[in-house]
Amino acid sequence: MRKPIIYLLVLPILALCVACSSQPDEPYRSAYHHTPISKWMNDPNGMFYQDGVWHLYYQHNPFGTTWGPMHWAHATSTDLLTWEEHPIVLYPDSLGTIFSGSAVIDTDNTAGFGANAIVAIYTQSEICGQNQSIAYSLDGGYSFTPYEGNPVIMGDVPDFRDPKVTRDGDHWLMTLACGQEIRFFSSTNLREWTYLSSFGEGYGNHNGVWECPELIKMGNQWVLLVSINPGGPFGGSATQYFVGDWNGTDFKCIDNPEEQKWLDYGKDNYSTFTFHNAPDNRFVALGWMSNWQYANQLPTIAFRSQNTVARDLSLYQDDAGEYRIASVPSKETQAIRGRETKHLPATAVVDLELDGNRDVLITLSNKRGEKVIMTLDAHRQMFSMDRTASGDCSFSHDFSACTTTPLFIAHETHYITLFIDRCSIEVFGTNGEWTMTNLVFPSEPYDKIEVQGGKMTIYSCKIN
Ligand code: FRU
């Protein structure tokens, strides 16, 4: 008579185990950020949105948890919080391994692969250099066939990669990273490309190789995102950007050439790209939440790396009249906010209301004395995050760091939001005017948050 009860108890546990076996849990497995089920991941690639589904491809080594032969792996989401993994779509072939790139929906069949084909444009890297190839999908992005005429652009410098393609009027526009400059190409059919111009000399930061560029029209301005490695403000990799004008051929930067504008003032937000065809003309972006300085050594087990939460990008003008990018958590991510709570759970969203005229100290800590200290320095108009005592920093001498950002606008009250996951803290300044993304590896979750000089509201996270 008892058996049915036992079955009732055991079956759901078994079902749970089967479900979990596809994504083994471990202490630093992010709960609501995209992670690969197993093995290595770096840059998000080829992201596009279609019929309610967000498609994310990513740099993936299926053979190990460190960088290796690159493939494009694939995941989809309908809520930008939970992701479903699909089979790998692009494998290395005789032309090389598959580096970063983008994808577009070819609604009008400009390439001749079929109306509404998804066309991926990516770098193939081989011993002799880097070239650009394309592949097409006739099943909505779940499988791709490489184009037989590949490569479509041959490299002429050693670093020649990461094509991001967008529509510009009646043609396609490609932004490509070439050493320490960005080159622009145009095409009517995605197969034949014409060089237009280059940008970069004398502008911004040149202490590393330029990678993963994207040109975006935001309002009346154009913004050129350029990742750089090394050369980031706190060491290693980071994403800089330039504001200017695009006249169909050239990018004219309106920033002071010496100016360095960073998309994020933490150490762990790299190779940010936006989704092609996002709804309502939004610029929805994901970044790789890591840094080349130590990405290969992070203390996770079955997998390595995670992406940031989705962020909507826009432009604003700071107190000095400078155009800057604001990044706010995409509205879809707000669904993660669960109940208001008094105690800090392992994964949480925290809203802070801070007096802009006095110094504020925010401390996250656990019973082992590990802590992250954040300060809003009213006098210097800076915000900082110190992770030197945050937990395990032993895997790389580059990990221990204190990152800082200007506040850009002197608000009377700052409304700051923290997104806390199992190994990351993302801080969004008022209206997203600045962001700071940092990984942390506490030996047990932080369970206490103290704010001296402001108010806070803590929400637990709703996680499936
Ligand atoms: C950036 C990057 C890209 C390249 C890819 C290789 O993180 O170096 O420039 O395409 O990673 O995995």
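Scoring rules and cut-offs
- Residues numbered from 1 in each chain as written.
- Predicted model: local features only at pLDDT ≥ 70, side-chain atom pairs only at ≥ 80, totals over all residues.
- Heavy atoms only, no water.
- Pairing = 2+ DSSP bridges.
- Helix = DSSP H or I, 4+ residues; strand = E, 2+ residues; numbered from the N terminus.
- Axes fitted to C-alpha atoms, helices over the stretch in contact; angles between N-to-C directions.
- Near = heavy atom within 4 Å.
- Polar contact = N/O pair within 3.5 Å; in protein donor to acceptor, adjacent residues only side chain to side chain.
- Areas by Shrake-Rupley, 256 points an atom, 1.4 Å probe, with all protein chains shown as cover.
- Nonpolar A, V, L, I, M, F, W, Y, C, P; charged D, E, K, R; others polar.
- Contact = heavy atoms within 4.5 Å.
- Buried < 20%, exposed > 50% of the residue type's maximum accessible area, 1.4 Å probe, protein only.
- Domains from an automatic or database assignment.
- Buried area = accessible area lost by both parts, 1.4 Å probe.
- Salt bridge = Lys/Arg side-chain N within 4 Å of Asp/Glu carboxyl O.

## Some details on the sheet that holds strand S23 (residues 337-341)
The strands making up a sheet are joined through hydrogen bonds of the backbone, oriented either antiparallel or parallel. The strand order across the open sheet formed by six strands is S23-S33-S24-S29-S30-S31, and the pairing between neighbours is antiparallel. Lying at the two open borders of the sheet, with one neighbouring strand each, are S23 and strand S31 (435-439). Strand-to-strand, the axes of this sheet are offset by a mean angle of 20 degrees, without reference to chain direction. Note: strand S24 (residues 348-355) against strand S29 (residues 413-421), eight bridges, orientation antiparallel.

## Here's the deal with the site of the ligand
Taken together, Asn42, Asp43, Gln59, Trp67, Met70, Phe99, Ser100, Arg161, Asp162, Glu211, Tyr270 and Trp292 make up all the residues around the ligand. In this structure, an oxygen atom belonging to the ligand sits 2.7 Å away from a side-chain N or O atom of Asp43. Interatomic distance of 2.9 Å between a side-chain N/O atom of Trp67 and an oxygen atom of the ligand. When the ligand sits alone it has 320 Å² of accessible area, and the protein chains cover 96% of it. Elements with a minimum of two residues in the shell around the ligand: strand S1 (39-50), strand S5 (97-106) and strand S9 (160-168). Its residues assigned to classes, the shell around the ligand shows five nonpolar, three polar and four charged.

## Some thoughts on the environment of Arg191
Within the secondary structure layout, Arg191 lies in the loop between strand S11 (181-187) and strand S12 (194-199). Remark: the alpha-carbon pair of Arg191 and Ser133, spanning 58 residues in sequence, is separated by 8.7 Å. Not counting residues within four places of it along the chain, the set of residues in contact with Arg191 comprises Ala111, Phe113, Ile134, Tyr147 and Val152. Among the polar contacts made by the side chain of Arg191, one reaches the main-chain carbonyl oxygen of Ala111 at a distance of 3.0 Å.

## Brief notes about the pairing of S29
By the criterion of burial, S29 is predominantly enclosed, with seven of the nine residues buried. Judged from the five bridges that link them, S29 and strand S30 (residues 424-428) form a sheet pairing that is antiparallel. Within the sheet, the bridge partner assigned to Phe419 lies in S30 and is Glu426.

## Observations regarding the domain arrangement of the chain
Each domain of the chain was delimited in the assignment, giving domain 1 (5-317) and domain 2 (336-461). Taking only C-alpha atoms, the centre of domain 1 and the centre of domain 2 are 27 Å apart. Contact residues are listed per partner, giving 31 residues for domain 1 and 35 residues for domain 2. Across the domain 1/domain 2 interface, buried area totals approximately 2700 Å², and carbon plus sulfur atoms make up 59% of it.

## Considering the side chain of Thr437
In this fold, Thr437 is placed in strand S31. Separated by 2.8 Å, the side chains of Thr437 and Arg311 make a polar contact. Sequence-distant contacts of Thr437, defined by excluding residues within four places in its chain, comprise Asp264, Gly266, Lys267, Asp268, Asn269, Met289, Thr308, Arg311, Ile425 and Glu426.

## Some points on the pattern of salt bridges
Counting across every chain of the model gives 21 salt bridges. Of the charged contacts, one joins Arg161 and Asp159 as a salt bridge, the two residues approaching to 2.8 Å between their closest N and O atoms. Between Asp377 and Arg380 there is a salt bridge whose closest N-O contact spans 3.3 Å. Residue class for Asp377 comes out buried when judged on its relative accessible area of 18%. Through salt bridges with shared partners, one network takes in Asp159, Arg161, Asp162 and Glu211.

## Describing the sheet that holds strand S10 (residues 171-178)
If you trace the four strands from one edge of the open sheet to the other, you get S9-S10-S11-S12, paired in antiparallel fashion. What marks the edges here is a single partner per strand, and that holds for S9 and S12. The average undirected angle you get between the axes of adjacent strands in this sheet is 25 degrees.

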